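Coordinates in review
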Amino acid sequence: MADSEVDAGNVFPGNWDVVSETLLKTYELWFPQNWSPVDLPWQECDPKNFSSDEAVAQAYWLSKLALFEKSGIGAFGAAAVQAATHKFEDPTKKFLSAVAFDECRHDEVCRRACARVCPNFPYRFKPQTELEEKAHRNIMALYDNGRRYWSAFNQAWGKYPLELIFSSFFFAEIGAQLIFKEVGERSTNGVYSTAFRNITRDESRHLTGTLAMLERLAGEMSADQKGMITRQLKHGFIYLSPLLFKPMEDFWKLPPDFFEYDRKLEELAAASGLGVPKVEDRKDAWMKAISRHRSKIEDLGIPVPEIKEIGVEGLEVSVKKGEDIVATPL
Ligand SMILES: [Fe+2]
Ligand SMILES: [Fe+2]
């Protein structure tokens with residue numbers, strides 16, 4: 001076999017190169033900041049403390065969040081393999097693997113909380129009331145759309161340069177850091193307030209690391225490639241919209257009364273100790289979070305896309321209804 005065949009897509013011989021000191025330092029923080037979802041005060045997540053509507057409402061929001069955590073496990077896990085086979089510097093590989101593990105930890109919080117407050121939700125749940133039926137149907141509709149997202153994302157590896165895909169990772173982290181901070185601060189239940197404070201710290205680390213990746217990779221990009229990043233940021237907004245704002249119909253194909261029940265369930269969850277912010281507050285907070293990072297992105301020559309729905313000004317990017325979304329998850 002020729003050397004070039006052995007080399008194509010091989011993790012060996014590997015390297016221990018350090019190009020980005022910032023990324024190395026960010027990745028190293030993972031060790032002291034490690035935490036265990038097993039050790040949260042789970043006795044506070046007792047279904048006896050909630051009505052059945054409140055219990056399903058909490059499980060509903062956690063299952064919605066879990067969609068994005070699951071795509072995070074897959075995307076960052078796949079990215080780690082891609083980085084290793086394409087000979088990226090060592091901290092990139094290890095940072096991406098650590099993020100994939102963090103996403104497992106976040107999904108684990110969702111799994112454990114659902115198992116306590118509303119056993120079997122959502123995968124093996126048998127709804128008994130209309131609200132339960134709508135909650136379950138909404139989640140299944142979201143997951144069904146998630147399948148479309150994942151197919152397109154998976155194909156992106158062959159279609160776009162790796163640098164381009166990696167460079168857009170930071171956008172979801174801006175949103176993630178924001179939502180979890182809000183949820184942690186508003187939660188009155190000990191499991192949720194502790195879990196989301198820890199998750200916020202994970203997300204801050206993800207944001208620092210993905211911005212370091214962006215900084216390193218954008219330096220070598222053409223204006224055209226930077227324009228493609230702008231497009232991926234708009235895709236990121238659309239993809240994350242059901243969690244961070246409300247579902248954008250450019251991509252999400254959901255039942256007509258989806259949002260009516262989504263709102264109702266989130267209000268019930270918030271009233272019973274899981275601090276989900278209202279949609280108006282999320283809109284405002286997301287706009288502010290993007291504005292906070294705007295100058296950093298623009299200084300790298302990457303135009304911020306216009307996102308009218310939440311009041312973000314920028315470059316107009318048209319996305320056709322039903323267009324494949326290539327965006328990164330939380
Ligand atoms: Fe996450
Ligand atoms: Fe993240």
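My aim in this report is to walk through the structure given alongside it, one point at a time. Quick caveat: nothing in here was measured; it's all calculated off a predicted structure.

1. Remarks on the coordination of the iron ion (ligand 1)
At this site the iron ion (ligand 1) is bound by Glu69 (OE), Glu103 (OE), His106 (ND1) and Glu203 (OE), with donor distances of 2.0 to 2.7 Å. Classification of the site at the iron ion (ligand 1) as irregular follows from its four donor atoms and the range of 79 to 155° in their angles at the metal. Along the chain, the residues that donate to the iron ion (ligand 1) are spaced as E-x33-E-x2-H-x96-E. The metal-metal distance between the iron ion (ligand 1) and the iron ion (ligand 2) is 4.1 Å, with Glu203 serving as a donor to both.

2. So, the pattern of salt bridges
Considering all chains together, one arrives at 25 salt bridges under this definition. Two residues, Arg112 and Glu108, come together in a salt bridge whose shortest N-O distance is 2.7 Å. Of this pair, Arg112 and Glu108 are both found in helix α4 (residues 90–117), four residues apart, which corresponds to roughly one turn of the helix. The salt bridge partner of Arg186 is Asp281, with a shortest N-O separation of 3.6 Å. On the criterion of sequence distance, the pair formed by Arg186 in helix α7 (residues 169–186) and Asp281 in helix α11 (residues 279–299) is long-range, its members being 95 residues apart. For Arg186, a relative accessible area of 38% translates into the label partly exposed. Here the salt bridges share partners, and the residues they tie into one network are Lys64, Asp262, Glu266 and Arg282.

3. Digging into the packing of α7 against helix α9 (residues 223–244)
The relative placement of two packed helices comes down to the angle between their axes together with the axis-to-axis distance. Between α7 and α9, the least distance of the axes is 9 Å, while the angle of their chain directions is 25°. When the axis of α7 is compared with that of α9, the two are roughly parallel. Of the two elements, α7 crosses α9, and the hand of that crossing is right-handed. Across from Phe170, Phe171, Ala172, Gly175 and Ile179 in α7, the residues of α9 making contact are Leu233, Gly236, Phe237, Leu240, Leu243 and Leu244. The class makeup of the residues in the contact of α7 with α9 is nine nonpolar, two polar and no charged.

4. Some words on the packing of aromatic side chains
For the structure on display, the rule yields 20 aromatic pairs. Consider the rings of Phe121 and Phe125, whose centres lie 5.0 Å apart with planes at 70°: the pair is edge-to-face. On the accessibility criterion, Phe125 (12% relative accessible area) is buried. Seen in terms of ring centroids, Trp157 and Phe166 are 6.4 Å apart; in terms of plane orientation they differ by 75°. Their pairing is edge-to-face. Here Trp157 matches Phe166 in class, with each residue buried.

5. A look at the environment of Ile165
Of note, Ile165 is situated in helix α6 (residues 162–167). Given a relative accessible area of 1%, Ile165 falls into the buried group.

6. Focus: the nonpolar core
Ranked by size, the top nonpolar core spans 110 residues in total, and within it Trp61, Leu96, Phe166, Phe196 and Trp286 carry the most contacts. For this core, the element with the most residues is helix α3 (residues 52–85), which contributes 16 residues. Ignoring sequence-local partners within four residues, the contact set of Phe196 consists of Trp61, Leu62, Leu65, Phe180, Val183, Gly184 and Leu274.

7. Thoughts on helix α2 (residues 21–28)
For an α-helix, 3.6 residues make a turn, and residues three or four places apart therefore share a direction. All buried positions along α2 are accounted for by Leu23, Thr26 and Tyr27. Angular distribution of buried residues about the axis of α2 spans 95°; they occupy a single face of the element. The secondary structure elements touched by the buried residues of α2 are α4 and α8 (190–218).

8. Things to note about α11
For α11, which comprises 21 residues, the first-to-last C-alpha distance of 31 Å matches the rise-based estimate of 30 Å (1.5 Å per residue) to within 8%. Helix geometry: α11 is bent most strongly at His293, by close to 45°. The inward-facing, buried residues of α11 abut α7, α8, α9 and α10 (258–271). Taken from the residues just after α11, Gly301 is the one with a positive phi, measuring 85°.

9. Some thoughts on the side chain of Gln232
Assignment of secondary structure puts Gln232 in helix α9. Residues within four places of Gln232 in sequence aside, it is in contact with Leu164, Ile165, Ser168, Val326 and Ala327.

Reading the values: the criteria
Residues numbered from 1 in each chain as written. Chains lettered and ligands numbered in written order. Predicted model: local features only at pLDDT ≥ 70, side-chain atom pairs only at ≥ 80, totals over all residues. Heavy atoms only, no water. Donors = N, O, S within 2.8 Å, 3.2 Å for Na, K, Ca; no water. Tetrahedral: all angles 85-135°; square planar, octahedral: opposite > 155°, others 65-115°. Salt bridge = Lys/Arg side-chain N within 4 Å of Asp/Glu carboxyl O. Helix = DSSP H or I, 4+ residues; strand = E, 2+ residues; numbered from the N terminus. Buried < 20%, exposed > 50% of the residue type's maximum accessible area, 1.4 Å probe, protein only. Axes fitted to C-alpha atoms, helices over the stretch in contact; angles between N-to-C directions. Parallel < 35°, antiparallel > 145°, perpendicular 65-115°, else oblique. Left-handed = near helix turned anticlockwise from the far one by under 90°. Contact = heavy atoms within 4.5 Å. Nonpolar A, V, L, I, M, F, W, Y, C, P; charged D, E, K, R; others polar. Phe/Tyr/Trp six-rings, centres within 6.5 Å; stacked < 30°, edge-to-face > 60°. Core = buried A, V, L, I, M, F, W, Y, C linked by side-chain atoms within 4.5 Å. Arc of directions from axis to C-beta. Expected span 1.5 Å × (residues − 1). Bend = angle between axes of the 7 residues up to and from the residue.

The values are spatial; any link to function lies outside them.
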